[in-house]
Amino acid sequence: MSKSLGPSHIWALGVGIVLVGQFMGWNFTIAKGGSLGSIIACWITGILYLSLVMINTEMGSVVPEAGGQYSMAKYFLGPLAAFNVGLMLVLQYIMLEAADALVVGQLLKTLSPDINPAPFVILSLLLFTYLNYHGMQATLNLNIVITGIAFITILMLLFSTKFYLPAGGLLHLSKLTNGLPFGWIGILGALQFGCWFYLGIEGTALAAGECRSTGRSLPVGAVIGMITLIISGTITWFICSGLVSADQLGKSTYPLYDAALATGKPLIIDVLFAGTMLSCLASANGCIADAGRAWYSMAKDTLIPQIFAKLHPKYRTPYRAILFLLPISIAFGFTGLLDHIITFSIMSALITYILTAVMMIKFRKMYPLGTIKRGYTAPWHPIPAILVALIAGATLFGMYFGYWIDLIAGAVFYLLASLWFVAHRSKSLDIRLFFLEGTKKWPRPKGY
């Protein structure tokens, strides 16, 4: 793969995937924990993702190829864990892409109930698949533009409310919010959808192998991306909670667009319609890039059939993986089960985060500071890894309240996938391709 990505591309990949979470999905935190529980969940999960970005970036700057947490699991946890992490990453991004398609369809129906959104959704995904097929730099250059425009629409909505006036302008937080209707246990339940403010930012590590300078591009792009998301998430909650009642907001498909409708300003309504569409498209664009690279990495290492491990002879992209995953995401998108799709994506992500925290602790034991060259060193170790494990574990527990069937179904799916891998695919594993080639220049791990 070509090494052409800088910090702005990493920012566009991370924020482009995640910004759609400001336009939909996060508002289910209000249904689970109330208005106050929602903003607390936003900030707590912000700590989770800041910590995750730090440990991801350190390990990602050392691992010799693209693949993100999958490649890290490959070197620090072994084949079975790597298979599961890779599968979880792929499904996390496929489900996020499906949620994007679902929201686009629902939004188009606001123009007219007779509109059939399927052709637009499919053509959009085909366009972004085509861009990813031709190369990641062009893909992320486009994401820089459309992500920037989508972010500006949030700011336009904010200033249209005249929030800076002494009386608060159009915002009525005290009237429309509902505090903590379920007490502190509601905050635990809200953490699940609080992840939607940031879910996918960890995908920046998947592009490590294509950065011009991994040690600079990954930390700069990812940290600035997190700052962008924390600010925009807080603004989003502030606007929507001041314009839309908590009952309506907790079940909205497109909360920022509903907030724009509440202003009664035609220009702002049109701008947020465009912003919601663009954020979904930017997210789908980044998801195609990340899912394809994770699937390609698994095939290259013989964890799945190697037919998907071929790069395009001209564009050097994992084109077979990209094309294979497209119809799967489209199929999930047209189920119409937005909250369940989001739940499965979040569950897959949370398990990966816990395993990433374990990897970081093991990595520091295997390769203490000074024994191997790092492009970036995460500060305050092991505090970030511990925070990731604790908050991700608490969030998984909180998912039980309302989505216990989804949790059980997801656990059964990954258990069956693991049994298949152990019984069948592990026999075809090429250890040389899987592990030895990438660590030729590494020093012997401490204690091995």
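In the block above lies the structure referred to throughout.
Source: prediction; values computed, not measured.

Reading the values: rules and limits
Residues numbered from 1 in each chain as written. Predicted model: local features only at pLDDT ≥ 70, side-chain atom pairs only at ≥ 80, totals over all residues. Heavy atoms only, no water. Helix = DSSP H or I, 4+ residues; strand = E, 2+ residues; numbered from the N terminus. Rg over C-alpha atoms; globule rule 2.2 N^0.38 Å. Buried < 20%, exposed > 50% of the residue type's maximum accessible area, 1.4 Å probe, protein only. Contact = heavy atoms within 4.5 Å. Areas by Shrake-Rupley, 256 points an atom, 1.4 Å probe, with all protein chains shown as cover. Lys, Arg positive; Asp, Glu negative; His and termini not counted. Charge placed at Lys NZ, Arg CZ, Asp CG, Glu CD. Polar contact = N/O pair within 3.5 Å; in protein donor to acceptor, adjacent residues only side chain to side chain. Core = buried A, V, L, I, M, F, W, Y, C linked by side-chain atoms within 4.5 Å. Patch = residues over 30% accessible without salt bridge, like charges linked within 9 Å, V, L, I, M, F, W, Y side chains within 5 Å. Salt bridge = Lys/Arg side-chain N within 4 Å of Asp/Glu carboxyl O. Phe/Tyr/Trp six-rings, centres within 6.5 Å; stacked < 30°, edge-to-face > 60°. Expected span 1.5 Å × (residues − 1). Bend = angle between axes of the 7 residues up to and from the residue.

1. Description of the overall build of the protein
No. 1: Each helix and strand counted, the protein has 18 helices and 0 strands in total.
No. 2: Here the C-alpha radius of gyration of the protein, 21 Å, is about what a compact globule of 448 residues would show, namely 22 Å.
No. 3: Overall size of the protein, expressed as C-alpha extent along the three principal axes, is 65 × 45 × 40 Å.
No. 4: Counting all 448 residues of the protein, 61% fall into the buried class.
No. 5: For the protein, the proportion of contacts with a sequence separation of at least 24, taken over those separated by at least 6, is 84%.
No. 6: Total accessible area computed for the protein in this model is approximately 16800 Å², and 70% of it derives from carbon and sulfur atoms.
No. 7: For the protein, the centre of its 28 positive side-chain charges and the centre of its 16 negative side-chain charges are spaced 12 Å apart.

2. Brief notes about unusual backbone geometry
Most of the time, phi is negative for any residue but glycine, and the peptide bond is trans.
No. 1: Residue Pro382 is bonded to the preceding His381 through a cis peptide linkage, with omega at 10°.
No. 2: Relative to the elements of secondary structure, Pro382 occurs in the loop between helix H15 (338-366) and helix H16 (383-398).
No. 3: Although it is not a glycine, Trp380 sits at a positive phi angle of roughly 65°.
No. 4: Take Trp380: it is sitting in the loop between H15 and H16.

3. Overview of the side chain of Ser160
No. 1: Following the sequence through the fold, Ser160 ends up in helix H7 (residues 136-160).
No. 2: Engagement of the side chain of Ser160 in a polar contact is seen with the backbone oxygen of Leu157, the distance being 2.7 Å.
No. 3: Leave out the neighbours within four places in its chain, and Ser160 touches Leu170, Thr263, Lys265 and Ile268.

4. Quick notes on the nonpolar core
No. 1: Residues Tyr49, Phe76 and Tyr353 are the most contacted members of the largest nonpolar core, which totals 137 residues.
No. 2: The leading source of residues in this core is helix H5 (residues 79-108), at 20 residues.
No. 3: Once residues lying within four places of it in the same chain are set aside, the contact partners of Tyr49 are Cys195, Tyr198, Leu199, Ile201, Glu202, Met226 and Tyr353.
No. 4: Counting residues in hydrophobic clusters, the runner-up holds 5 residues, among them Phe128, Leu131, Leu281 and Ile322.

5. Quick look at a nonpolar patch on the surface
No. 1: Among the surface-exposed residues, Phe182, Ile185, Phe397, Tyr400, Phe401, Trp404, Ile405, Ile408, Val412, Leu415, Leu416 and Leu419 lie close enough to one another that they form a single nonpolar patch of about 1200 Å² accessible area.
No. 2: Tallying contributions element by element places helix H17 (residues 400-423) first for the nonpolar patch, with 9 residues.
No. 3: Here Tyr400 is to be found in helix H17.

6. Examining the packing of aromatic side chains
No. 1: Under the counting rule described, the total for this entry stands at 22 aromatic pairs.
No. 2: Considering the side-chain rings of Phe83 and Trp420, the 5.9 Å spacing of their centres and the 40° angle between planes classify their relative orientation as tilted. Of this pair, Phe83 sits in helix H5 while Trp420 sits in helix H17, and the two are 337 residues apart along the sequence.
No. 3: With relative accessibility at 39%, the residue Trp420 sits in the partly exposed group.
No. 4: Taking the centre distance of 6.2 Å and the plane angle of 90° together, the rings of Phe163 and Phe238 count as edge-to-face.

7. Remarks on the environment of Ile351
No. 1: Note that Ile351 resides in helix H15.
No. 2: Considering only alpha carbons, one finds Ile351 and Ala389, 38 residues apart in sequence, at a separation of 9.3 Å.
No. 3: Other than its neighbours up to four places away in sequence, Ile351 contacts Met88 and Leu396.

8. Considering the pattern of salt bridges
No. 1: The full count for this structure, using the stated rule, is 4 salt bridges.
No. 2: Residues Arg364 and Glu58 are paired through a salt bridge, measuring 2.8 Å at the closest nitrogen-oxygen approach. One end of the pair, Arg364, is in helix H15; the other, Glu58, is in helix H3 (residues 28-60), and 306 residues separate them in sequence.
No. 3: Here Arg374 makes a salt bridge to Glu58, at a shortest N to O gap of 2.8 Å. You can see Arg374 sitting in the loop between H15 and H16 and its partner Glu58 sitting in helix H3, a full 316 residues away along the chain. The exposure classification of Arg374 matches that of Glu58, with both residues buried.
No. 4: Three or more residues joined by partner-sharing salt bridges are found here, namely Glu58, Arg364 and Arg374.

9. Regarding the environment of Asn132
No. 1: Take Asn132: it is sitting in helix H6 (residues 118-134).
No. 2: By relative accessible area, Asn132 is classed as buried at 0%.
No. 3: Sequence separation between Asn132 and Tyr319 is 187 residues; the distance between their C-alpha atoms is 7.9 Å.
No. 4: A distance of 3.4 Å separates a polar side-chain atom of Asn132 from the backbone nitrogen of Ala289.

10. A short note on H3
No. 1: Helix length check: H3, at 33 residues, gives a terminal C-alpha distance of 32 Å against a target of 48 Å (1.5 Å per residue), a shortfall beyond 12%.
No. 2: Its maximal kink placed at Gly34, H3 deviates by approximately 115°.
No. 3: For H3, the buried fraction is high: 27 of the 33 residues fall into the buried class.

Treat this as a map of the structure, not an account of what it does.
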